[in-house]
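# Coordinate analysis (summary)
The primary structure of each chain is shown beneath.
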Amino acid sequence: MKDLSNNLTSEQAIALEDKHGAHNYHPLPVVLKKGEGVFVWDVEGNKYYDFLSAYSAVNQGHCNPRIVAKLVEQAQTLTLTSRAFYNDTLGVYEKFVTEYFGFDKVLPMNTGAEAVETAIKLARKWGYEKKGIPKNQAKIVVCENNFHGRTVTIISASNDPVATDGFGPFTPGLISIEYNNISALKEALEDNDVAAFLVEPIQGEAGVYVPEDNYISEAYNLCKSKNVLFVADEVQTGIARTGKMLAVDYSGIKPDVLILGKAISGGVLPVSAVLASSEIMSVMTPGVHGSTFGGNPLANVVAMEALKVVKDEALEENAMRLGELFRLEMNKIVESTNLVKLVRGKGLLNAIIINDDEDSTTAWDICMKLKDNGLLAKPTHGNIIRFAPPLVMTEKQIMECVGIISKTLTEFNK
Ligand SMILES: *Cc1c(COP(=O)(O)O)cnc(C)c1O
């Protein structure tokens with residue numbers, strides 16, 4: 001193993017971040033220095049199962065050798081040209097990614113939030129130029145408890161006070177309705193100024209909230225009948241996480257606009273993408289939108305390899321099979337203890353709901369114990385713990401993880 005150490009102890013590393021960094025996160029107190037596949041190691045050499053996968057960015061496993069090899073090779077050749085010039089990787093990637101997901105066009109960005117912003121701009125411009133919405137009147141319908149990122153426009157669509165308090169004034173034109181409520185959507189779409197419906201097929205950050213089976217397809221059909229774009233934010237649910245390539249695949253629909261991020265690079269670089277038809281994407285003309293790093297050569301080769309790995313290693317099938325096994329085993333725990341109320345999810349995007357108040361520390365305390373027992377997970381909203389390991393997990397490994405979770409919950413005393 002390569003010596004990556006600067007020999008910091010956990011205490012020292014945490015103290016440095018505490019002193020010199022903005023405190024905009026509340027991490028579990030573990031300092032990681034190495035990752036491989038489903039495992040990460042801390043600076044003291046302790047090994048853990050990673051059950052967060054960097055919020056589902058590392059679906060292909062930590063430091064996936066195929067992806068890293070492409071990164072290194074391209075890094076020694078050409079890293080960034082900007083879009084002021086053509087480069088020999090972008091077109092290849094654009095052809096690859098559009099064929100992979102079945103769309104005409106892609107607009108490459110870097111982070112998930114940027115891709116969501118891009119989709120909002122795309123939907124608005126489409127609304128004016130193609131749908132005929134009067135100038136500056138376009139509305140985007142969003143769902144309560146969504147998570148689409150952290151920019152000012154995106155938090156304008158949020159009803160989470162932690163995300164919004166102190167950050168106003170907010171971007172107008174974002175209409176929030178209840179998630180998983182078709183009649184609320186129907187009512188909202190009565191307004192002819194609605195350009196798009198922006199939705200997560202499963203709400204990840206909200207606590208892996210899975211809507212009714214027919215919700216997504218009915219919402220899609222409503223959008224079609226009202227000439228409203230159906231925009232799917234699959235930044236977290238996409239790329240095999242839920243047992244299908246996209247979570248919308250469970251509903252048999254194809255969104256008008258698809259937003260991807262996180263695992264599209266296997267967690268190697270910030271890469272995101274907005275995919276749409278030629279008709280929709282045609283409203284993007286030279287100069288109207290861009291990003292210095294969007295579509296850079298490193299990102300292009302990394303994303304292509306990361307997507308190839310998903311198919312070559314059959315990660316959809318693996319996530320589907322191991323997810324079913326995991327929920328089966330978790331349900332046994334739910335039955336045997338009143339500490340856990342229920343388990344829910346699809347594929348390897350799952351969560352358990354702790355039987356305690358929203359604002360209790362129980363979920364956090366359980367995550368601390370899981371850490372001591374060799375498994376890293378993080379509470380989402382108060383009393384919910386998300387379980388989202390890399391999809392390269394084996395059956396033997398997931399059964400070992402079930403053992404760790406079971407032991408931890410059985411031994412846990414409030
Ligand atoms: C993480 C996430 C984003 C934001 O991605 P960033 O890369 O953190 O900006 C957007 N949408 C969803 C559904 C996400 O889970």
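Worth saying up front: this structure is predicted, and the values here are computed from it rather than measured. (Residues numbered from 1 in each chain as written. Predicted model: local features only at pLDDT ≥ 70, side-chain atom pairs only at ≥ 80, totals over all residues. Heavy atoms only, no water.)

For helix α9 (residues 215–225), every residue scored as buried is listed here: Tyr-215, Ile-216, Ser-217, Ala-219, Tyr-220, Leu-222 and Cys-223. Close packing links the buried residues of α9 with β5 (139–143), α8 (182–188), β7 (194–199) and β8 (229–233). Directly after α9, the chain includes Asn-227, whose backbone phi takes a positive value near 55 degrees. (Buried < 20%, exposed > 50% of the residue type's maximum accessible area, 1.4 Å probe, protein only. Helix = DSSP H or I, 4+ residues; strand = E, 2+ residues; numbered from the N terminus. Contact = heavy atoms within 4.5 Å.)

Splitting the chain by domain gives domain 1 (10–60 + 314–413) and domain 2 (65–312). Placing a centre on the C-alpha atoms of domain 1 and another on those of domain 2 gives a separation of 26 Å. Approximately 2400 Å² of surface area, both sides summed, lies buried where domain 1 meets domain 2, with 55% of it carried by carbon and sulfur atoms. For domain 1, the biggest contributors to the area lost against domain 2 are Gln-60, Glu-316 and Lys-346; these three give 29% of the whole. In this structure, the connection of domain 1 to domain 2 is made through 18 residue pairs in polar contact (both at pLDDT 80 or more). For the side of domain 1 that touches domain 2, the element with the most residues is helix α12 (residues 315–336), which contributes four residues. Across the side of domain 1 that touches domain 2, the residue classes break down as 15 nonpolar, nine polar and four charged. (Domains from an automatic or database assignment. Buried area = accessible area lost by both parts, 1.4 Å probe. Polar contact = N/O pair within 3.5 Å; in protein donor to acceptor, adjacent residues only side chain to side chain. Nonpolar A, V, L, I, M, F, W, Y, C, P; charged D, E, K, R; others polar.)

In this structure, Asn-64 sits in the loop between α2 (53–56) and α3 (65–75). Between the C-alpha atom of Asn-64 and that of Ile-384, which follows or precedes it by 320 residues, the distance is 29 Å. Setting aside residues up to four positions removed in sequence, Asn-64 forms contacts with Val-309 and Glu-313. Within the structure, the side chain of Asn-64 is placed 2.9 Å from the backbone oxygen of Gln-60, a separation counted as a polar contact.

The two faces of strand β9 (residues 257–260) match: Val-257 and Ile-259 on one face and Leu-258 and Leu-260 on the other face are all buried. Pairing of β9 with strand β10 (residues 272–276), which is carried by four bridges, proceeds in the antiparallel orientation. Opposite Leu-260, over in β10, you have Ala-273 as the bridge partner. (Pairing = 2+ DSSP bridges.)

On to the site of the ligand, then. Around the ligand, a shell composed of Thr-111, Gly-112, Ala-113, Phe-147, His-148, Gly-149, Glu-200, Asp-233, Val-235, Gln-236 and Lys-262 is seen. In this structure, an oxygen atom belonging to the ligand sits 2.8 Å away from a main-chain N or O atom of Gly-112. Between the ligand and Phe-147, the relevant distance is 3.4 Å, taken from a nitrogen atom to a main-chain nitrogen or oxygen of the residue. For the ligand, the protein covers 81% of the area, taking 390 Å² as the surface of the free molecule. Here the residues of the shell around the ligand sort into three nonpolar, five polar and three charged. (Near = heavy atom within 4 Å. Areas by Shrake-Rupley, 256 points an atom, 1.4 Å probe, with all protein chains shown as cover.)

The next thing to look at is the packing of aromatic side chains. Here the structure, examined in full by the defined rule, presents 11 aromatic pairs. Geometrically, the ring pair formed by Phe-39 and Tyr-49 is tilted, given 4.7 Å between the ring centres and 45 degrees between the ring planes. Placement of the pair is Phe-39 in strand β2 (residues 39–42) and Tyr-49 in strand β3 (residues 47–50), with a sequence separation of 10 residues. As far as burial versus exposure is concerned, Phe-39 and Tyr-49 are alike and both buried. A centroid spacing of 5.7 Å and a plane angle of 80 degrees characterise the contact between Phe-51 and Phe-387, whose relative ring orientation is edge-to-face. Here Phe-51, found in the loop between β3 and α2, pairs with Phe-387, found in strand β15 (residues 384–387); they are 336 residues apart in sequence, far enough to count as distant. Each member of the pair, Phe-51 as well as Phe-387, carries the same accessibility label: buried. Members of the aromatic cluster, joined through ring pairs, are Phe-39, Trp-41 and Tyr-49. The positively charged end of Lys-34 is found above the aromatic ring belonging to Trp-41, 4.9 Å away from the centroid. The aromatic ring of Phe-103 is capped on one face by Lys-254, whose charged end is 4.7 Å from the ring centroid. (Phe/Tyr/Trp six-rings, centres within 6.5 Å; stacked < 30°, edge-to-face > 60°. Lys NZ or Arg CZ within 6 Å of the ring centre and 35° of its normal.)

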